[in-house]
2 protein chains.
Amino acid sequence: MSQDYKSHFEDLWDFWFRELHNGKAGMAYRVKDVLYSGTSKFQKIDVLDVYEYGRMLVLYGSVMLTERDEFVYHEMITHIPAFVHENPQDVLVVGGGDGCTLRELLKHKEVKEMHLVEIDAKVIEISKEYLSDICQNSFDDPRVKIILDDGFYYLQKTPNKYDLIISDAPDPVPPGDTLFQKEFFQLVKEHLKDKGIFVSQTESPFYHGDIFKKTYKNLSSIFKTVQVYLAWIPAYPGALWSFMFCSDSHDPLGDFNKDKYKQYLDAGFNTKYYNDKIHIASFSLPNFVEEFLEH
Amino acid sequence: MSQDYKSHFEDLWDFWFRELHNGKAGMAYRVKDVLYSGTSKFQKIDVLDVYEYGRMLVLYGSVMLTERDEFVYHEMITHIPAFVHENPQDVLVVGGGDGCTLRELLKHKEVKEMHLVEIDAKVIEISKEYLSDICQNSFDDPRVKIILDDGFYYLQKTPNKYDLIISDAPDPVPPGDTLFQKEFFQLVKEHLKDKGIFVSQTESPFYHGDIFKKTYKNLSSIFKTVQVYLAWIPAYPGALWSFMFCSDSHDPLGDFNKDKYKQYLDAGFNTKYYNDKIHIASFSLPNFVEEFLEH
């Protein structure tokens, strides 16, 4: 195809993807190419190549990650708990079939075994095929074991206990909605070892105040410490994203292991968003977010 | 008009406003109503009423503010310097014809005189007419004096000196582009009183790394202290917005007047984003932003 014809074609092919809050406002991306579009047993899955943000994984119409900004989410959901826990050997990731949370956890040499419980085998398959530059073959690491199951049912059955449990949950709509229920959080607690830590992504407090508030209340009824931290993620609705750090033994600020972080830095630990100052600062909340926690 | 007819009409009137980075990715809003659309001597001005974000001021196609999220920008550009300076009596705001920066500054009782230098009288007129619920008649406060002029030329002529100068500049395109030039920053410095502080909005480091880097370099050649702080603003491109705090005498962290902040709180000072913890935390930068400052 000649270059002239190609650019003519690209001008004509004016294809857009939008993720809208209440159908009325949100991010719009001009699509360069649709790399995959199909339906698994559980959901619609699309992999797009969009201008400005690169490759993008979309589940049931919601952006799960984009090549350009995924580093923020995946660094913040992993390194905050991993630099607080003294020795995170056994880690469970619920959801996260794209492999990026694994990629970040693999930077922690204390981790001996990582279990990834993903309900949808197709998400893993598609991520391996289309997002290998992003997830960097993390599935193939010998420390990783993949369990194809619903996170809720897996925890009901397994005797395994973990130092860290990370809920890399999709939005609270099926099939991921069970991962925001009180019963799930109770199961999580029962599968934490002594001094274990649980972190969940908990949506945008700007758009999803009700979910945010309810999740905080549910977690607070189960864990002694529940602390909210925030990160900026431009491709997620509202762009201000929340996580909740839950533990009966650890304070995410007081127990941050700065010495270990510095040793890691000396050994080549590399992040684009997370650092020691961000670790602390991300727990400082704007007034409108703090107000959700007061009632 | 009957309710049925009205909702039928609203469904048909599928009108969208988008602000796109490089024409390829950005926020999209379904428009409820176009309240004003016209052209001043300087620029195209639109006031929209959009779903989810409320009233919106758009200059030459760029969102200046939305009713739903403007509080973040206007609180962060004013309260950070105003709680660092011991006694900010004389304040200059360059740009900011929408009046929201004035609204926040008026919360500081030390402020005796505020000069607003706005190049475009039409922006003020339109803001008074369509955004009065947002700017809350701040133009009418007896402490406020409006000067219709280009900020650059005003500073070339005036003998006035200020405790705080705030550059509430639009994007660095005409007519606002002079407000990002080294010559402007030099003029600002000459018009600061002893122990004066200058703060400028400095675009998104995520989308506008080059402007961000160049502005930091220019400011650093003029002021002893230049410190970057960040805020999340969903309606601004990239959603992660930067400001630079500049001074020859003050450190924005060490000189933060926490006691004054607490006295203000006791007296009813009210913000939706800014607080004492955010004041400190907003100066903690992600690695990818810090890297821009190193070279």
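Note that the structure is a prediction, hence the values are computed from the model and not measured.

Before going further, it helps to spend a moment on the packing of helix α8 (residues 209-220) of chain A against helix α11 (residues 287-294) of chain A. If you want to describe how two helices pack, look at the angle between their axes and the distance between the axes. All names here are of chain A. Their axes nearest at 9 Å, the elements α8 and α11 cross at an angle of 50°. Accordingly, the angle class assigned to the pair α8 and α11 is oblique. The two elements α8 and α11 meet at a crossing, and its hand is right-handed. Here α8 contributes Gly209, Phe212, Lys213 and Tyr216 to the contact with α11, which in turn contributes Val289, Phe292 and Leu293. Its residues placed into classes, the contact of α8 with α11 shows five nonpolar, one polar and one charged.

Moving on: the interface of chain B and chain A. The interface is formed by 40 residues belonging to chain B together with 40 residues belonging to chain A. Here chain B and chain A share an interface that buries about 3500 Å² over both sides, 59% of which is from carbon and sulfur atoms. On the chain B side of the contact with chain A, Lys24, Phe206 and Trp232 of chain B bury the most area, a combined 20% of that side's loss. For the pair chain B and chain A, the number of links is two salt bridges. Taking the shortest distance from any N to any O, the salt bridge between lysine 277 of chain B and glutamate 290 of chain A comes out at 2.6 Å. In this structure, the connection of chain B to chain A is made through 28 residue pairs in polar contact (both at pLDDT 80 or more). Taken together, the elements giving at least two residues each to the side of chain B that touches chain A come down to β1 (16-21), β2 (25-39), α10 (276-281) and α11 (287-294) of chain B.

Okay, the sheet that holds strand β9 (residues 162-168) of chain B next. Residue and element names in this part refer to chain B. Strand order in the open sheet formed by seven strands is β8-β7-β6-β9-β10-β12-β11, with mixed pairing between adjacent strands. Sheet topology places β8 (144-148) and β11 (225-232) at the edges, where each strand pairs with a single neighbour. Recorded for the sheet is a direction-independent mean angle of 15° between the axes of neighbouring strands. Alignment of strand β6 (residues 90-95) against strand β7 (residues 113-118), held across five bridges, turns out to be parallel. Within β7, the residue paired with valine 91 across the bridge is methionine 114. Across the sheet, helix α2 (residues 70-82) touches β9, β10 (192-201), β11 and β12 (240-247), and the angle it forms with β9 is around 160°.

Turning our attention to the packing of aromatic side chains. Following the criterion strictly, the structure yields 61 aromatic pairs over all chains and no others. Centre to centre, the rings of tryptophan 232 of chain A and tyrosine 273 of chain A are 6.3 Å apart; their planes meet at 25°, and the pair counts as stacked. One end of the pair, tryptophan 232 of chain A, is in strand β11 (residues 225-232); the other, tyrosine 273 of chain A, is in the loop between α9 (258-266) and α10 (276-281), and 41 residues separate them in sequence. When sorted by exposure, tryptophan 232 of chain A lands in the same class as tyrosine 273 of chain A, which is buried. Here phenylalanine 288 of chain A and tryptophan 232 of chain B contribute two aromatic rings whose centre-to-centre distance is 5.7 Å and whose plane-to-plane angle is 25°, an arrangement assigned as stacked.

Okay, the pairing of strand β1 (residues 16-21) of chain A next. Residues and elements named next belong to chain A. The side-chain alternation of β1 yields one buried face, formed by Phe17, Glu19 and His21, and one unburied face, formed by Trp16, Arg18 and Leu20. By the bridge criterion, six bridges tie β1 to strand β2 (residues 25-39) in an arrangement that is antiparallel. Considered in β2, the bridge of phenylalanine 17 is made with tyrosine 29. Counting the residues between successive antiparallel strands, the hairpin from β1 to β2 contains three residues, one of them, asparagine 22, with a positive phi of roughly 55°.

Thresholds applied
Residues numbered from 1 in each chain as written. Chains lettered and ligands numbered in written order. Predicted model: local features only at pLDDT ≥ 70, side-chain atom pairs only at ≥ 80, totals over all residues. Heavy atoms only, no water. Axes fitted to C-alpha atoms, helices over the stretch in contact; angles between N-to-C directions. Helix = DSSP H or I, 4+ residues; strand = E, 2+ residues; numbered from the N terminus. Parallel < 35°, antiparallel > 145°, perpendicular 65-115°, else oblique. Left-handed = near helix turned anticlockwise from the far one by under 90°. Contact = heavy atoms within 4.5 Å. Nonpolar A, V, L, I, M, F, W, Y, C, P; charged D, E, K, R; others polar. Buried area = accessible area lost by both parts, 1.4 Å probe. Salt bridge = Lys/Arg side-chain N within 4 Å of Asp/Glu carboxyl O. Polar contact = N/O pair within 3.5 Å; in protein donor to acceptor, adjacent residues only side chain to side chain. Pairing = 2+ DSSP bridges. Phe/Tyr/Trp six-rings, centres within 6.5 Å; stacked < 30°, edge-to-face > 60°. Buried < 20%, exposed > 50% of the residue type's maximum accessible area, 1.4 Å probe, protein only.

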